[in-house]
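Examining the three-dimensional arrangement
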Amino acid sequence: MLTALFCGTVSVLLAVGLIRLWDRYRPGPGQGRSSRTAAALDGQVQPVVFLFRHNTLVDATPPARELLDRVAVPDDDWLRLMQWVGPRFGHAAEQLAQLPHQGRVELLGQHGHGSATLRLLAEDLGDHMWRVTITDPQSQHCGTVVDSMSLQALEEELDLLRGALDQTPMLVWRLDQDDRVTWANAAYLRRAEARSEGALGWPLPKLLDTPRPVPGAGHGTRRAALEDKGIVSWYDCHSHRLGDQLMMFALPADAAVRAERSLREFVQTLTKTFADLPIGLAIFDQSRKLQLFNPSLIDLTRLPTGFLTARPTLFDFLDQLREQRMVPEPKDYRSWRQHMANLESAAAHGHHVETWSLPGGQTYRVTGRPHPDGAVAFLFENITSEMSLTRKFRADLLLGSHVLDALDDALAVFAPDGKLLLDNQVYRDLWQRPATTLSEAMLSWNDGGTMGPGFAALREALLTPDGRSEVSGAMAGPQGQLLGWTVSPLTGGRRMLRFRVGSGQPLNLGQGDPNLQDAIAAR
């Protein structure tokens with residue numbers, strides 16, 4: 001009976017084993033393809049192993065070679081491995097340097113921002129041969145099944161991002177908590193290699209100072225300079241915090257620095273020019289606060305320097321001018337305030353000029369001009385001397401006119417083109433018809449229409465182009481009286497005509513009259 005029981009048990013176990021073996025190699029509906037894929041993948045999982053001799057790669061598994069291919073620079077295989085290992089295993093370079101003495105070094109590191117999931121095992125095999133194995137303890141004995149389309153999309157996106165970062169002209173790098181460079185793009189590595197005397201080691205050199213993120217904002221900005229062989233390059237550095245690390249971006253700013261330097265030099269040149277101007281300059285911004293003034297403004301307005309440097313508003317500025325009696329004396333404050341408001345409005349919308357006669361006897365010309373962005377500029381110019389000269393000139397002209405009107409002779413001066421330049425009151429009383437040209441005057445002189453010999457001689461004397469000598473004669477006047485006339489050449493091709501009533505003799509002013517001729521010529 002025991003034998004039968006034993007045989008039955010063995011038969012059942014063999015049947016169960018055969019059934020499981022059949023299920024394994026004969027896939028059922030919906031399970032066969034995934035089972036074969038899992039088996040195939042299980043056979044393809046290979047470790048990441050490197051074999052080095054004197055820092056030269058001798059052999060590596062396909063996953064290991066693929067890992068090195070992800071690191072484009074530098075050309076040294078050991079440094080490429082250290083560039084990948086450094087950010088994931090703290091102080092890896094220092095500890096691996098002890099491998100010849102210890103024979104075996106094992107390190108635990110982080111993969112990304114997670115916990116310690118990577119393990120690095122370095123072994124000294126003798127004859128300067130090192131074997132480096134990198135594994136993931138949590139997934140060492142398992143495979144990951146990913147459909148080919150998703151894997152291809154991830155790889156294409158990864159290649160695109162990696163290529164974009166390597167082709168960008170800005171420097172991009174990452175810092176850990178200890179302020180060490182744990183990753184950098186190709187532009188950063190090329191710049192670091194250009195500054196390095198030998199091959200790059202790990203950790204990578206830090207090229208620029210780090211702008212610390214503003215608390216609560218998570219980012220920071222600053223401008224930094226990088227000098228290389230006497231050439232200074234400028235960068236706008238931006239920092240962004242990602243977990244416990246910092247991502248750094250350095251944008252080239254040489255063009256911006258040159259533009260700012262040119263603008264600063266231009267402003268300095270303008271400032272020096274404004275400082276030498278005798279005209280006072282005051283520029284008010286859109287909110288009508290004083291932004292710029294020159295020393296001449298202080299001299300002309302007598303305003304304190306401290307008041308101007310405090311950037312007063314336009315109306316405070318004008319009120320202070322009123323206190324200093326540097327504005328026209330107003331009838332009342334309300335009308336003056338309205339006048340100043342009109343001045344500001346006119347200056348903001350177009351070119352506006354006013355003349356201020358000050359209580360102290362000075363005269364200022366105030367010019368308002370609009371500037372971009374709503375700003376307005378005022379120019380204060382002392383024109384007291386100019387106004388005095390103008391008044392004196394007008395007084396001299398009035399005196400000369402009175403002298404001419406007091407003469408007994410009728411005087412008229414004609415330009416080379418025949419335009420009447422001036423005449424005196426005797427001439428206007430003699431010939432009642434006003435004339436502005438020589439041709440109109442001749443019509444009034446020959447009112448009767450009969451051209452006598454005296455008038456013909458006068459006409460010829462006035463119309464002769466190159467007449468350089470004085471010509472005299474006589475003709476009939478408007479009431480039939482006898483008029484003596486004289487045509488005298490003046491400077492600039494002008495001619496002076498004189499009529500004398502009641503004399504048939506030519507007029508001759510003699511040696512005492514050149515001053516009168518010069519005065520008329522100047523007119």
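To start, this report covers the structure provided alongside it. The model shown is predicted, which means the values in this text are computed figures rather than measured ones.

Our next topic: helix 4 (residues 77-85). With 8 of 9 residues buried, helix 4 is to be regarded as a mostly interior element. Those residues of helix 4 lying buried are Trp78, Leu79, Arg80, Leu81, Met82, Gln83, Trp84 and Val85.

Moving on: the pattern of salt bridges. Opposite charge on two side chains permits pairing when their charged atoms draw close. Using the criterion set out here, one finds 19 salt bridges in the structure. Ionic pairing is found between Asp405 and Arg428, a salt bridge with its closest N-O pair at 3.9 Å. In this pair, Asp405 sits in helix 14 (residues 384-406) while Arg428 sits in helix 15 (residues 425-430), placing the two residues 23 residues apart along the sequence. A residue is classified by how much of its surface remains accessible, and Asp405, at 26% relative accessible area, is partly exposed. Given a relative accessible area of 32%, Arg428 falls into the partly exposed group. One network of salt bridges, in which partners are shared, links Arg104, Glu106, Arg119, Glu123 and Arg131.

The next point concerns the nonpolar core. Grouped together as the largest cluster of nonpolar side chains are 47 residues, with contacts concentrated most on Phe50, Leu81, Trp173 and Leu208. Per element, the largest residue contribution to this core is 5 residues, and it comes from helix 4. Contact partners of Trp173, with chain neighbours within four places excluded, come to Val181, Trp183, Ala184, Tyr188, Leu208, Leu246, Met247, Met248 and Ala250. Trp356, Leu358, Tyr364 and Phe380 belong to the second-largest nonpolar core, a separate cluster that totals 24 residues.

What counts as what
Residues numbered from 1 in each chain as written. Predicted model: local features only at pLDDT ≥ 70, side-chain atom pairs only at ≥ 80, totals over all residues. Heavy atoms only, no water. Buried < 20%, exposed > 50% of the residue type's maximum accessible area, 1.4 Å probe, protein only. Helix = DSSP H or I, 4+ residues; strand = E, 2+ residues; numbered from the N terminus. Salt bridge = Lys/Arg side-chain N within 4 Å of Asp/Glu carboxyl O. Core = buried A, V, L, I, M, F, W, Y, C linked by side-chain atoms within 4.5 Å. Contact = heavy atoms within 4.5 Å.

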